[in-house]
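Reading the structure
So the chains spell out like this:
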Amino acid sequence: MDSYEDEDVKGASSLSSEPPSDDAPEQPPAARGEVRPPARTESVPASRTEPQPAFVPVSQGPSVPSAQGPAQETQAAGGPQAPSAPPAPGTHAPPASPPDVPVPLRGIAALSLPYQVAAALSLALVGVFACVHLAMVFLHVAPSNTVTKEHGEAVDGWVYPEFEQNWKLFAPNPLQQNVAVEVKAEYAAADGSHKNTDWIDLTAEDGEAIRGNLLPSHVEQNELRRAWDFYVNSHDNENRGNGLRGQLSESYVRRIVMQRLDAHDLGGPVERIRLRSSTRSVKAPEWSDEKIDTRASYRVLPWWTVTAADLPGGVRNGRTEAGQ
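In this text, all values refer to a predicted model and were calculated from it rather than measured experimentally.

1. Observations concerning a nonpolar patch on the surface
A contiguous nonpolar surface patch, about 420 Å² in accessible area, is contributed by Ile 108, Leu 111, Tyr 115 and Leu 123. Relative to the assigned elements, Leu 111 resides in the loop between helix H2 (70-76) and helix H3 (113-141).

2. Observations regarding the nonpolar core
Residues Val 183, Val 257, Leu 261, Ile 273 and Leu 275 are the most contacted members of the largest nonpolar core, which totals 25 residues. Of all elements in the fold, only strand S1 (177-188), helix H6 (218-233), helix H7 (243-261) and strand S4 (270-281) reach the threshold of two or more residues within this core. Sequence-distant contacts of Val 257, that is, excluding residues within four places in its chain, are made with Val 183, Leu 202, Ile 273 and Leu 275.

3. Some thoughts on the packing of aromatic side chains
Throughout the structure, instances matching the rule amount to four aromatic pairs. Between Tyr 160 and Phe 230, the aromatic rings sit 6.0 Å apart at their centres with planes inclined by 5°, giving stacked as the arrangement. Taken together, the residues span a long stretch of sequence, with Tyr 160 in the loop between helix H4 (146-159) and S1 and Phe 230 in helix H6 at a distance of 70 residues. Taken individually, Tyr 160 and Phe 230 each receive the classification buried, so the pair is uniform in this respect. On the basis of an interplanar angle of 25° and a centroid distance of 5.7 Å, the ring pair of Trp 228 and Tyr 231 is categorised as stacked. With Trp 228 and Tyr 231 both in helix H6 and three residues apart, the pair spans about one turn of that helix. Taking the relative accessible area as the measure of exposure, Tyr 231 reaches 1% and is therefore buried. Each member of the aromatic cluster is reached from another via a ring pair, and the members are Trp 228, Tyr 231 and Trp 304.

4. Regarding the pattern of salt bridges
One pass over the structure, following the stated rule, counts ten salt bridges. Arg 211 serves as the salt-bridge partner of Glu 208, at 2.9 Å between the closest nitrogen and oxygen. A relative accessible area of 58% places Arg 211 in the exposed class. With a closest N to O distance of 2.9 Å, Asp 236 and Arg 240 form a salt bridge. Here Asp 236 falls in the partly exposed class, since its relative accessible area comes to 27%. Its relative accessible area of 55% is what places Arg 240 among the exposed residues. Overlapping salt bridges bring together Asp 206, Glu 223 and Arg 260 as one network.

5. Notes on the packing of H6 against H7
One can describe the packing of H6 onto H7 by two numbers: an axis separation of 8 Å at closest approach and a directional angle of 145°. Relative to H7, H6 is oriented so that their crossing is left-handed. Contacts between H6 and H7 involve Val 219, Glu 223, Leu 224, Ala 227, Phe 230, Tyr 231 and Asn 233 from the former and Arg 245, Leu 248, Ser 249, Glu 250, Tyr 252, Val 253, Ile 256 and Arg 260 from the latter.

6. Observations regarding the pairing of S1
As paired elements, S1 and S4 share eleven bridges and run antiparallel to each other. Residue pairing for S4: Ala 180 is matched across the bridge by Ser 278. As defined by bridge partners, S1 adjoins strand S3 (residues 200-201) across two bridges and the pair is classed as antiparallel. Directly across from Val 183, in S3, lies its bridge partner Ile 200. Alignment of S1 against strand S2 (residues 194-196), held across three bridges, turns out to be antiparallel. Bridging from a neighbouring strand, Ala 188 pairs with His 194 of S2. Where S1 folds back on S2, the antiparallel hairpin that results is connected by five residues, among which Gly 192 adopts a positive phi of roughly 95°.

What counts and how
Residues numbered from 1 in each chain as written. Predicted model: local features only at pLDDT ≥ 70, side-chain atom pairs only at ≥ 80, totals over all residues. Heavy atoms only, no water. Patch = residues over 30% accessible without salt bridge, like charges linked within 9 Å, V, L, I, M, F, W, Y side chains within 5 Å. Areas by Shrake-Rupley, 256 points an atom, 1.4 Å probe, with all protein chains shown as cover. Salt bridge = Lys/Arg side-chain N within 4 Å of Asp/Glu carboxyl O. Helix = DSSP H or I, 4+ residues; strand = E, 2+ residues; numbered from the N terminus. Core = buried A, V, L, I, M, F, W, Y, C linked by side-chain atoms within 4.5 Å. Buried < 20%, exposed > 50% of the residue type's maximum accessible area, 1.4 Å probe, protein only. Contact = heavy atoms within 4.5 Å. Phe/Tyr/Trp six-rings, centres within 6.5 Å; stacked < 30°, edge-to-face > 60°. Axes fitted to C-alpha atoms, helices over the stretch in contact; angles between N-to-C directions. Left-handed = near helix turned anticlockwise from the far one by under 90°. Pairing = 2+ DSSP bridges.

Read these as geometric descriptors, not functional statements.
See the structure below:
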């Protein structure tokens, strides 16, 4: 490889008009009055440099002089390390590993062991109760099968009266009758005589309470109606109750009637009550040719003697056993 000095000499000789003499000694460029250009250095890209090893493993054998400098030998031996050089342009330093931060526990895992056991048992009991309830309701609304024939009383005892299912609204034959529940009361007058009231239409009172009300109460709409349906479905045509359900429905409808009578000023405490239902078929529309009998049919119940068990809390218009 030729140096820059040789190139300068060759360039100067090529500019000279006379051929160089073999006998004349060669003069340096400075003696000939020529200007020497500065030496140029080539920049080597960072990507072309070879990566240096981060450390040199030290063998366990006898020490061998290495070509590394004292600083590199000290670093390889585990001595004080020199500050690392900044990364080359265009390269990225490896990210520092984050410190190990404990993750806070949440939910049941954040509780102590006794509370975790109590929470797990509570969830298990709620799940078992939900599964049993769904199974009972399914057996109640399902067609008659082997399970309902064997355990029908247990299913009815679970469903009635709080979870009763009524599908009359959706078919196959929706209810097309208006049923009204009426009551007649026998009370003790101030002169000691016993008098009877006329038939009081309790269903009509419920209708007046919800008529014009944008947000009627569920109790005002359905309490009396559902109580009467419960009684009818648990008694035969001779008003004989069907076991425990019959007794429960009878007590339920008595308490509701006595609560409604408490709002009436009858003139004395109620001693006996009698219920009846008035059923009328819904009139056919004007455009229909169907002929429907809309006359009322009645179902009259026997007289019931009012006892302390028939008086809900706060009811005063009744005669208790203690007052007799």
